Amino acid sequence: MAQSNVIVWIIVLAFISAKVSAFAKLIDRPLGEKVGITLNKIPESLHDSEAKTVANELSETQVISVNDELAIVSQLLDRVPLIDGHNDLPHLIRLLAESRLANFNLTDLSDKTPWSSDPTSHTDIVRLRKGKVGAQFWVAYTNCKTQHNDSPQKALEQIDLIYRFIDLYSDTFQLATTAQEIEDVFGTGKIASLIGVEGGHAMGNSLSILRIFYRLGVRYMTLTHSCPTPWADNSQLDNPGQEPIHDGLSGFGEVVVQEMNRLGMMVDISHVSVATMEDVLNVSKAPVIFSHSGAFSVCNHTRNVPDHILRRLANNGGIIMVAFYNEFLSCGKSANIKDVIRHIEHIRNLIGADHIGLGGDFNGVDRVPTDLDDVSKYPNIFVELLRLGWSETDLEKLAGTNMLRVMRRVEEVKQELAFTEPIEEWIPIEDLRPEHKLCLTDYV
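Residues numbered from 1 in each chain as written. Predicted model: local features only at pLDDT ≥ 70, side-chain atom pairs only at ≥ 80, totals over all residues. Heavy atoms only, no water.

## With respect to the pattern of salt bridges
Then, number 1: In total, this model carries 27 salt bridges according to the counting rule given.
Then, number 2: Notably, a salt bridge pairs Asp124 with Arg127, separated by 2.9 Å at the nearest N-O pair.
Then, number 3: For Asp124, a relative accessible area of 1% corresponds to the buried category.
Then, number 4: Taking the shortest distance from any N to any O, the salt bridge between Glu384 and Lys338 comes out at 2.8 Å. With Glu384 in helix H13 (residues 378-387) and Lys338 in helix H12 (residues 337-351), this pair connects stretches of sequence that are 46 residues apart.
Then, number 5: Judged by relative accessible area, which is 43%, Lys338 ranks as partly exposed. (Salt bridge = Lys/Arg side-chain N within 4 Å of Asp/Glu carboxyl O. Buried < 20%, exposed > 50% of the residue type's maximum accessible area, 1.4 Å probe, protein only. Helix = DSSP H or I, 4+ residues; strand = E, 2+ residues; numbered from the N terminus.)

Written as structure tokens, this is what we have:
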């Protein structure tokens, strides 16, 4: 019996020694390499107590490897700004607090009524910091009901709200309007705050208002939302039974894109129809963006982007920022972080890592994936991709360097067009239906 026990313990010690040796090799790997240990089955010959001892040792080794992964991600996001392309916090502040910043403290809303019980509440300062967000596009969104009515006013109110909370929490946020400003603000430890307008109806069919948006710091405009404009078709028109209105962009829609290029404002083609995507890519001299979309081949929702458009996006030099809304991820009400990874992996495999970013759509949707339920969970994405063997360089691209490159090229196109005069066209009156004119006057 004594000899049998000696044999058993020799097996145990050999097994632990092999695992320790494997882990020693693991931690010597470069940061960008895949990290993680596959736990082998414990030999059946071990007694229960001995098997538990081995399992505990291996469990501790696994914990160390997970901590290693988180440390790698943390260091990466300390040196490269994590730039999210789309957050609807300003809209939720309008809905839940009537845009009154005195009614709440944005520092921590996780246990505050009504924020804690609202399924679209995903953001506060504590969680942004935990999620290592380095730059955020805050969205000035106006509901489609405002189209042909007071949409420019509502958009301006939302832009004003963004400025007000940047100022109120100036120890955390600072306005940024260029790629260099993002890097400069990030270098100070603050969250670079940018502005995007969601829905081209916000400009009220007026290039003058578009130019005012740019002067106020708006750096992208989504051409449509859940409604078409008199100059661009939206994604819902691609649903079965729907008919296009313009079959993409109208002539005035092309002018809108040209003026955005001249201004240095990014053209966002999330929410638009496939024909509109095609037309924008035909017209734009600058890279375009999808601020919050997914891959149609992974989930065939009309808000997602078909492969042939993704290939054209790569040729254009643009970027698709993957959204976290369950219906866009899994085409169902439930999803998990693996669904997000599937979209990211599909895009990288199709067009490379140079054209991917993250655009969570937090605070604008009511169903988000498990393990990615608020802005604090961004590092989980990078850990998952690290385990799949993504390099440090590609993770940096996903985090922010892709968007910085896109912004710099948009700024370069602006400089190339510096001697081009502002476009002074009006939308043709025949492009407006009778119901579009109800709130218009005959004032010239």
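## What about the side chain of Asn326?
Then, number 1: Checked against the element boundaries, Asn326 lands in helix H11 (residues 326-329).
Then, number 2: For Asn326, a relative accessible area of 3% corresponds to the buried category.
Then, number 3: Every residue in contact with Asn326, bar those within four places of it in the chain, is listed here: Cys331, Gly332, Lys333, Ser334, Ala335, Arg367, Val368 and Pro369. (Contact = heavy atoms within 4.5 Å.)

## Observations concerning the nonpolar core
Nonpolar side chains in soluble globular proteins tend to end up buried together.
Then, number 1: Grouped together as the largest cluster of nonpolar side chains are 98 residues, with contacts concentrated most on Phe165, Phe173, Met221, Leu223, Ile381 and Phe382.
Then, number 2: Those residues within four positions of Ile381 in sequence are excluded, and the remaining contacts are Phe324, Ile337, Val340, Ile341, Ile344, Leu358, Leu372 and Leu398.
Then, number 3: Core analysis: the second largest hydrophobic core is formed by 24 residues, Ala179, Leu194, Met403 and Leu417 among them. (Core = buried A, V, L, I, M, F, W, Y, C linked by side-chain atoms within 4.5 Å.)

## Details of unusual backbone geometry
Then, number 1: A cis amide bond, omega 0 degrees, links Thr113 with the succeeding residue Pro114.
Then, number 2: With respect to the helices and strands, Pro114 occurs in the loop between helix H3 (89-97) and helix H4 (125-130).
Then, number 3: One non-glycine residue, Ser99, adopts positive backbone phi at about 65 degrees.
Then, number 4: Of note, Ser99 is situated in the loop between H3 and H4.
Then, number 5: Residue class for Ser99 comes out buried when judged on its relative accessible area of 14%.
Then, number 6: Backbone geometry at Cys331 places phi at a positive 60 degrees, although glycine is not the residue there.
Then, number 7: Mapping Cys331 onto the fold places it in the loop between H11 and H12.

## Comments concerning the state of the cysteines
Then, number 1: Applying the stated criterion to the full structure yields two disulfides.
Then, number 2: Paired by a disulfide, Cys144 and Cys227 hold their sulfur atoms 2.1 Å apart. Handedness of the Cys144-Cys227 disulfide follows from its S-S torsion of about -85 degrees: it is left-handed. With Cys144 in the loop between strand S2 (133-141) and helix H5 (151-168) and Cys227 in the loop between strand S5 (218-222) and helix H8 (251-263), this pair connects stretches of sequence that are 83 residues apart. Assigned by exposure class, Cys144 and Cys227 land together as buried. (Disulfide = S-S within 2.5 Å.)

## Topic: the side chain of Arg303
Then, number 1: Along the polypeptide, Arg303 turns up in the loop between strand S7 (289-293) and helix H10 (307-316).
Then, number 2: At 5.0 Å, Asp361 is the nearest oppositely charged side chain to Arg303, a buried residue that forms no salt bridge.
Then, number 3: A distance of 3.0 Å separates a polar atom in the side chain of Arg303 from a polar atom in the side chain of Ser293.
Then, number 4: Setting aside its immediate chain neighbours within four residues, Arg303 contacts Ser235, Ser270, His271, His292, Ser293, Gly294 and Phe328. (Lys, Arg positive; Asp, Glu negative; His and termini not counted. Polar contact = N/O pair within 3.5 Å; in protein donor to acceptor, adjacent residues only side chain to side chain.)

## With respect to H5
Then, number 1: The end-to-end C-alpha distance of H5 is 26 Å, a good match for the 26 Å that 18 residues give at a rise of 1.5 Å each.
Then, number 2: Every buried residue belonging to H5 is among Ser151, Pro152, Ala155, Gln158, Ile159, Leu161, Ile162, Phe165 and Ile166, and all of these are buried. (Expected span 1.5 Å × (residues − 1).)

## Some details on the packing of H3 against H5
Then, number 1: Packing of H3 against H5 leaves a shortest axis separation of 10 Å and a crossing angle of 100 degrees. Overall, the two elements H3 and H5 adopt an arrangement that is roughly perpendicular. Between H3 and H5, the contacting residues are Leu89, Pro90, His91, Ile93 and Arg94 on the first element and Lys154, Glu157, Gln158, Leu161, Ile162 and Phe165 on the second.
Then, number 2: For the contact of H3 with H5, the residue count by class is six nonpolar, two polar and three charged. (Axes fitted to C-alpha atoms, helices over the stretch in contact; angles between N-to-C directions. Parallel < 35°, antiparallel > 145°, perpendicular 65-115°, else oblique. Nonpolar A, V, L, I, M, F, W, Y, C, P; charged D, E, K, R; others polar.)

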